[in-house]
Amino acid sequence: MNIRRANERGYADHGWLRSFHTFSFANYMDRNHMGFRALRVINEDRVAGGHGFGTHPHRDMEIISYVLAGEMEHKDNMGNGEVMRPGDVQRMSAGTGVLHSEFNHSADNELHFLQIWIEPKQLGIAPSYEQKAFPASERQGQWRLVASQEGHEGSVSINQAVNLYAGLFNAGEQVTAPPSRYTWVQVVKGEMNVNGETLHAGDAAAFTPDESITLTGKQAGEVLLFDLA
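Worth saying up front: this structure is predicted, and the values here are computed from it rather than measured.

A few words on the packing of aromatic side chains. One pass over the full model with this rule turns up 7 aromatic pairs. Consider the rings of Trp-16 and Phe-53, whose centres lie 5.4 Å apart with planes at 75°: the pair is edge-to-face. Taken as a pair, Trp-16 in the loop between β2 (10-13) and β3 (17-21) and Phe-53 in strand β5 (residues 52-58) lie far apart in primary sequence, 37 residues in all. Classification of Trp-16 by relative accessible area gives partly exposed; the value is 25%. An aromatic cluster is built from Phe-23, Phe-36, Tyr-182 and Trp-184, whose rings are joined through pairwise contacts.

What the rule picks out here adds up to 15 salt bridges. The salt bridge involving Glu-71 is made with Arg-85; its shortest N-O contact spans 2.7 Å. Of this pair, Glu-71 sits in the loop between β6 (62-69) and β7 (72-76) while Arg-85 is found in the loop between β8 (81-84) and β9 (88-93), placing the two residues 14 residues apart along the sequence. Residue classification places Arg-85 among the partly exposed residues on the basis of a relative accessible area of 39%. Between Glu-73 and Lys-75 there is a salt bridge; the shortest N-O distance is 3.8 Å. On the basis of relative accessible area, Glu-73 is assigned to the partly exposed category, the value being 25%. Residue classification places Lys-75 among the partly exposed residues on the basis of a relative accessible area of 47%. One network of salt bridges, in which partners are shared, links Arg-9, Arg-18, Glu-44, Arg-46 and Glu-110.

Phi is positive for Ala-26, which is not a glycine, with a value near 55°. Position of Ala-26 among the secondary structure elements: in the loop between β3 and β4 (39-47). Backbone geometry at Asn-195 places phi at a positive 50°, although glycine is not the residue there. Examined against the element boundaries, Asn-195 turns out to sit in the loop between β17 (182-194) and β18 (197-200). Of the residues examined, Asn-195 reaches a relative accessible area of 34% and is grouped as partly exposed.

Another point: the sheet that holds β9. If you trace the 7 strands from one edge of the open sheet to the other, you get β2-β3-β4-β11-β6-β9-β12, paired in antiparallel fashion. In the strand order of this sheet, the two ends are held by β2 and β12 (128-133), each with one partner. Within this sheet the neighbouring strands show an average axis-to-axis angle of 15°, counted without direction. With 6 bridges connecting them, β9 and β12 associate as antiparallel partners. Considered in β12, the bridge of Asp-88 is made with Ala-133.

Here we come to the nonpolar core. Judged by nonpolar contacts, the single largest core of 27 residues is most densely connected at Leu-39, Ile-64, Ile-116, Ile-118, Trp-184, Leu-224 and Phe-226. For this core, the elements supplying multiple residues, two or more each, are β4, β6, β11 (111-118), β13 (144-148), β15 (162-169), β17, β19 (204-207) and β20 (214-228). For Ile-116, the residues in contact, after removing those within four places along its chain, are Leu-39, Val-41, Ile-42, Glu-62, Ile-63, Ile-64, Leu-224 and Phe-226. Formed by 17 residues, the second largest nonpolar core is a distinct cluster that contains Trp-143, Tyr-165, Val-175 and Val-185.

The rules behind these values
- Residues numbered from 1 in each chain as written.
- Predicted model: local features only at pLDDT ≥ 70, side-chain atom pairs only at ≥ 80, totals over all residues.
- Heavy atoms only, no water.
- Phe/Tyr/Trp six-rings, centres within 6.5 Å; stacked < 30°, edge-to-face > 60°.
- Helix = DSSP H or I, 4+ residues; strand = E, 2+ residues; numbered from the N terminus.
- Buried < 20%, exposed > 50% of the residue type's maximum accessible area, 1.4 Å probe, protein only.
- Salt bridge = Lys/Arg side-chain N within 4 Å of Asp/Glu carboxyl O.
- Pairing = 2+ DSSP bridges.
- Axes fitted to C-alpha atoms, helices over the stretch in contact; angles between N-to-C directions.
- Core = buried A, V, L, I, M, F, W, Y, C linked by side-chain atoms within 4.5 Å.
- Contact = heavy atoms within 4.5 Å.

In structure tokens form, the structure reads like this:
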């Protein structure tokens, strides 16, 4: 188990945006943390009310957004325009190129969300967009598949051999990781014991194939688990 602590991440403060970078991103460069397998970016962003990211381009990247608190408004040049709330998962395959914007839907309340980039399996595909809601009842005390290559079990589909699971766990609840290859465990809320190590919100741990992974809630927690080829 290789632990990535929250306080070791890159950090950028733009006033309206506070962003922590698990992997190298923008002006934060750390050659020891360039990504993990196909997982390239995990940014934890807090956006002040009335602010956001203006229209900007992406190309050949699978981009997943996961809202932790508040509401995020998305618009793109494919004609999509939706508001994301906690429990929603949005996938945008940038492919040959897409323009989009992301704004805090509230003028007053903070938006707290994760932006995740996964390198695509196939380059140059037609850009596409998908958003689905995964209620807390489907994630409480168990793993819910929220993104996968083929869109299994009602998950959003992505252009890469990755399975992304989300789970909500109360204090004392114990769960093992689903069968996986390379595994990245990201604690996004609360506090979890992972194979005997305490991981707080923002902490993560990487595992090689076939390692046994047991998680136990120390405080009510929310966890994302990436199964990567």
